[in-house]
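# Structure at a glance
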Amino acid sequence: MSSALSTKGLQKRFGSLVVAQDIAIELPHGVRYALIGPNGAGKTTLINLLTGMVRPDAGSILLGDADITALSAQTRVKRGLVRTFQINTLFPQLNALESVTLAVLEREGTSGIWWRRLPVHRDAIDEAFGILRSLGLADQCHRPTREMAYGEQRLVEIALALATKPRVLLLDEPAAGVPKEESAGLFTAIAGLSDALTILFIEHDMDVVFRFASRIIVMVSGRILVEGTPAEIAVDPRVREVYLGGVQHD
Amino acid sequence: MSIQANNPHQILSAGLGWTRLEIIFWLALLLPFVLTPSYLSLASQIAITALFAVSLDLILGYAGIVSMGHAAFFGLGAYTAGLISKAGWGEPLTGLVIAAALAALVGYGMSFIIARFRHLALIMITLGLGLLLHEAANSASWLTGGADGLQGVKIRPLFETFKFDLYGTTAYAYSLAGLFLMFLIARRLIHSPFGLALRGIRENWTRMPAIGADSQAHIRKIYTVSAAIAGVAGALLAQTTETVSLEVLSFQRSADVLVILILGGAGRLYGGIIGAIIYMVARDQFSGVNPQYWYFWIGLLLIAVVILLPNGILGGLSRLTVRWGGTWR
């Protein structure tokens, strides 16, 4: 069985700073992966590389069996490789329903239609509303995104990604800035997503990581240090040294 | 507003219908025929400028694409309409269509450059385009008449019946009809899925590719439409005044339309129309009193509006009208 997403020899440097060195990962279908590592380890850069927002200097990226290294960011989304952002990257003056409907229309390829009114596209609107309702945002979806509570905006990030019908979903610190007691709810929502979906998420809270990830990748200084199950990672001496032991966590 | 939070179709239909205020507004635009019949030429020029502002609003107000050289397409339409009538084809409606088609064609060509840039680079590129066409028209005086303007434009009566008379009755009716028809197209466009995509580009350029959107294709499309509408506005001016001066391509015209749109309120469709009315009437009045210094007052007005009403005059008004139950979207 081929993996959902894999890379070979992925390489990226900014000037003299190596941000990704010889990255080789393989994400099997339907697995929940956590990507952890100290600040500056290159986690977000890896997501940028995978989604085509940053071009690698060398190496290749495969989505299923297809080489997507040369494809544009939006084409990768169309193929099912989708991300969310660590810092809210939303449409401030659109309401949540408009935003998610837009993502549905883009997926359907109907966003170029200018001669029909938006309300005519009932199925797209129903689908967008369904996604928002499943994330508990039904009551808030008429409000401009910028007026929503921060935690709700984090959920809109995920709703936008889901509207593209991803096969592989990369979540860059989905709970960033969300109080600890709320982040569990957010991850419960993520855990409830379809089993067919392959998920890689960056997260700093180790409780969350060990609770929701079925496998963990540890990155340090642009390299992959180790990959394994939570139980293996928890006892790995290298991880304890450079990450869990080296940095005091709150 | 009384929107049911749990009916998604109602949420997305809100504000799309014609409001009473809108209907009154369009009917009021017929008043000059009876109230100020001696100002119909001015009214016609206001309608044309309003249409030009609407064309800019589609790219600036909705897609967030700045243009400092939009007169390029206005002038292109004006010269096209003028030249084909001079060549013997004086029928106005086909003239409009040809002018729009040529402006659209050039706009489409330019859009491949426009779609790749943002912000400062875009300002420079559009400025350059405007200057380029202005100088080209200036130096090609064998074709355009250069600084003396294009002479000998003769337009046939509208529908072979209504002559373009000195009082401007036909001119205003024609320009107003042109404005209204183009406005209907623009209105439908911004209420469509495509209009939503444009607002998405304006709101967050970087997020669009992450939801699978081809922003550049969207931008190429709206830029072409905007160029065509600007071309219609220019052609209307050439046909109703039966002359084309170099001024139609000037930087001043590009700057004026930007001021008009920001004054009236960008991204509201009516902003350009309201802005054009206020700006042109003010210019007419002020320049009668004090022709040299009238930009002083415009400068003052612009600063005051941007500070006090960041969303333009219409942005300020809409806060009031929402209380009356109408919206100006």
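Please read all numbers here as calculations on a predicted model, not as lab measurements.

## With respect to the overall build of chain B
What chain B contains, in helices and strands, is 16 helices and zero strands. In terms of C-alpha radius of gyration, chain B reaches 20 Å, essentially the compact-globule figure of 20 Å for 329 residues. Taking the principal axes of the C-alpha coordinates as reference, chain B spans close to 60 × 45 × 40 Å. Residues counted as buried form 54% of the 329 residues belonging to chain B. By sequence separation, contacts in chain B at least 24 residues apart represent 78% of the contacts at least 6 residues apart. Within the structure as shown, chain B displays about 14,300 Å² of accessible surface, and the carbon and sulfur contribution to it stands at 68%. Looking at charge distribution, chain B has the averaged site of its 20 positive side-chain charges lying 12 Å from that of its 13 negative ones.

## Describing the pattern of salt bridges
In total, this model carries 13 salt bridges over all chains according to the counting rule given. A salt bridge links Arg-83 of chain A to Asp-172 of chain A; the shortest N-O distance between them is 3.7 Å. Here Arg-83 of chain A is found in strand β7 (residues 81–84), whereas its partner Asp-172 of chain A is found in strand β8 (residues 168–172), with 89 residues between them in sequence. Residue classification places Asp-172 of chain A among the buried residues on the basis of a relative accessible area of 1%. Among the salt bridges present, the one from Glu-247 of chain B reaches Arg-253 of chain B, with a minimum N-O distance of 3.0 Å. Accessibility expressed as a relative area gives 35% for Glu-247 of chain B, which makes it partly exposed. For Arg-253 of chain B, a relative accessible area of 14% gives the class buried.

## Comments concerning helix α10 (residues 193–203) of chain B
For α10 of chain B, a buried count of ten out of eleven residues is recorded, marking the element as mostly surrounded by other parts of the structure. Taken together, the buried positions of α10 of chain B are occupied by Pro-193, Phe-194, Gly-195, Leu-196, Ala-197, Leu-198, Arg-199, Gly-200, Ile-201 and Glu-203 of chain B. The inward-facing, buried residues of α10 of chain B contact α3 (96–108) of chain A together with α4 (40–62), α9 (169–190), α11 (207–210) and α12 (215–241) of chain B. Two to three positions downstream of the cap, the backbone nitrogen of Phe-194 of chain B sits 3.2 Å from a side-chain oxygen, assigning the N-cap of α10 of chain B to Ser-192 of chain B.

## Re empty space enclosed by the protein
All names here are of chain B. Tallied over the full model, the rule gives one cavity of 30 Å³ or more. Its boundaries defined by the atoms lining it, the largest cavity holds a volume of some 50 Å³. Gly-130, Leu-131, Leu-249, Ser-250 and Phe-251 are the residues nearest the centre of the largest cavity, which is lined by 13 residues in total. Elements with a minimum of two residues in the lining of the largest cavity: α5 (71–86), α7 (119–139) and α13 (251–264). Ranked by residue count, the leading element in the lining of the largest cavity is α7, at five residues. Classifying every residue of the lining of the largest cavity gives seven nonpolar, six polar and no charged.

## Comments concerning the packing of aromatic side chains
Residues and elements named next belong to chain B. Enumeration over the complete set of coordinates arrives at 13 aromatic pairs over all chains. Here Trp-26 and Phe-180 contribute two aromatic rings whose centre-to-centre distance is 4.8 Å and whose plane-to-plane angle is 70°, an arrangement assigned as edge-to-face. Note that Trp-26 is positioned in helix α2 (residues 20–28) and Phe-180 in helix α9, a separation of 154 residues in sequence. Under the relative-accessibility criterion, Trp-26 is labelled buried at 10%. By way of ring pairs, the aromatic residues Phe-25, Trp-26, Phe-180, Phe-183 and Tyr-270 are connected into one cluster. The ring of Trp-18 has Arg-187 sitting right over it, with the charged end atom 3.9 Å from the ring centre.

## Thoughts on the nonpolar core
Most often, soluble globular proteins keep nonpolar side chains buried together rather than apart. Counting 151 residues, the largest nonpolar core has Leu-169 of chain A together with Ile-222 and Ile-273 of chain B as its most contacted members. In terms of residue count, the dominant contributor to this core is α4 of chain B (15 residues). If near-sequence neighbours (up to four positions away) are discounted, Ile-222 of chain B is found in contact with Leu-58, Ile-59, Ala-63, Ile-65, Leu-189, Phe-194 and Leu-198 of chain B. Among the nonpolar cores identified, the runner-up in size contains 26 residues, and Ala-20, Tyr-33, Ala-41 and Ile-68 of chain A belong to it.

## Comments concerning the confidence of the model for chain A
Averaged over all residues, the pLDDT of chain A is 88; the fraction at 70 or higher stands at 96%. Averaged pLDDT values over the elements of chain A bottom out at 77 in helix α9 (residues 237–244) of chain A and peak at 95 in α3 of chain A.

## Observations regarding α7 of chain B
Residues and elements named next belong to chain B. The end-to-end C-alpha distance of α7, which contains 21 residues, comes to 31 Å, matching closely the 30 Å that a straight helix rising 1.5 Å per residue would cover. Along α7, the positions that sit buried rather than exposed are Leu-122, Thr-126, Leu-129, Gly-130 and Ala-137. Taken down its axis, α7 places every buried residue within 90° of arc, on the same side. Summarising the geometry of α7, the exposed residues directed more than 90 degrees from the buried face are Leu-120, Leu-132 and Ser-139. Residues of α7 that are buried in the fold lie against α5, α6 (92–114), α8 (141–144) and α12.

## Concerning the packing of helix α4 (residues 122–134) of chain A against helix α5 (residues 150–163) of chain A
All names here are of chain A. Where α4 contacts α5, the axes come no closer than 10 Å and their chain directions differ by 135°. The orientation of α4 relative to α5 falls into the category oblique. Of the two elements, α4 crosses α5, and the hand of that crossing is right-handed. Contacts from Glu-127, Ile-131 and Leu-132 in α4 reach Ala-159, Leu-162 and Ala-163 in α5.

## Topic: a nonpolar patch on the surface
All names here are of chain B. There is a patch of nonpolar side chains on the surface, built from Trp-18, Ile-23, Leu-27, Leu-30, Phe-180, Leu-181 and Leu-184 and spanning about 630 Å² of accessible area. Within the residue set of the nonpolar patch, elements represented by two or more residues are α2 and α9. The biggest single contributor to the nonpolar patch is α9, with three residues.

## Quick word on the environment of Ala-173 of chain B
Here Ala-173 of chain B lies in helix α9. For Ala-173 of chain B, a relative accessible area of 36% translates into the label partly exposed.

Each value, and the rule that gives it
Residues numbered from 1 in each chain as written. Chains lettered and ligands numbered in written order. Predicted model: local features only at pLDDT ≥ 70, side-chain atom pairs only at ≥ 80, totals over all residues. Heavy atoms only, no water. Helix = DSSP H or I, 4+ residues; strand = E, 2+ residues; numbered from the N terminus. Rg over C-alpha atoms; globule rule 2.2 N^0.38 Å. Buried < 20%, exposed > 50% of the residue type's maximum accessible area, 1.4 Å probe, protein only. Contact = heavy atoms within 4.5 Å. Areas by Shrake-Rupley, 256 points an atom, 1.4 Å probe, with all protein chains shown as cover. Lys, Arg positive; Asp, Glu negative; His and termini not counted. Charge placed at Lys NZ, Arg CZ, Asp CG, Glu CD. Salt bridge = Lys/Arg side-chain N within 4 Å of Asp/Glu carboxyl O. Polar contact = N/O pair within 3.5 Å; in protein donor to acceptor, adjacent residues only side chain to side chain. 1 Å grid on protein atoms, 1.4 Å probe; cavity = no way out; pocket = protein on both sides within 12 Å on 5 of 7 lines; lining within 4 Å. Points joined across faces, edges and corners; volume = space filled by probe spheres on them. Nonpolar A, V, L, I, M, F, W, Y, C, P; charged D, E, K, R; others polar. Phe/Tyr/Trp six-rings, centres within 6.5 Å; stacked < 30°, edge-to-face > 60°. Lys NZ or Arg CZ within 6 Å of the ring centre and 35° of its normal. Core = buried A, V, L, I, M, F, W, Y, C linked by side-chain atoms within 4.5 Å. pLDDT = per-residue confidence, 0-100. Expected span 1.5 Å × (residues − 1). Arc of directions from axis to C-beta. Axes fitted to C-alpha atoms, helices over the stretch in contact; angles between N-to-C directions. Parallel < 35°, antiparallel > 145°, perpendicular 65-115°, else oblique. Left-handed = near helix turned anticlockwise from the far one by under 90°. Patch = residues over 30% accessible without salt bridge, like charges linked within 9 Å, V, L, I, M, F, W, Y side chains within 5 Å.

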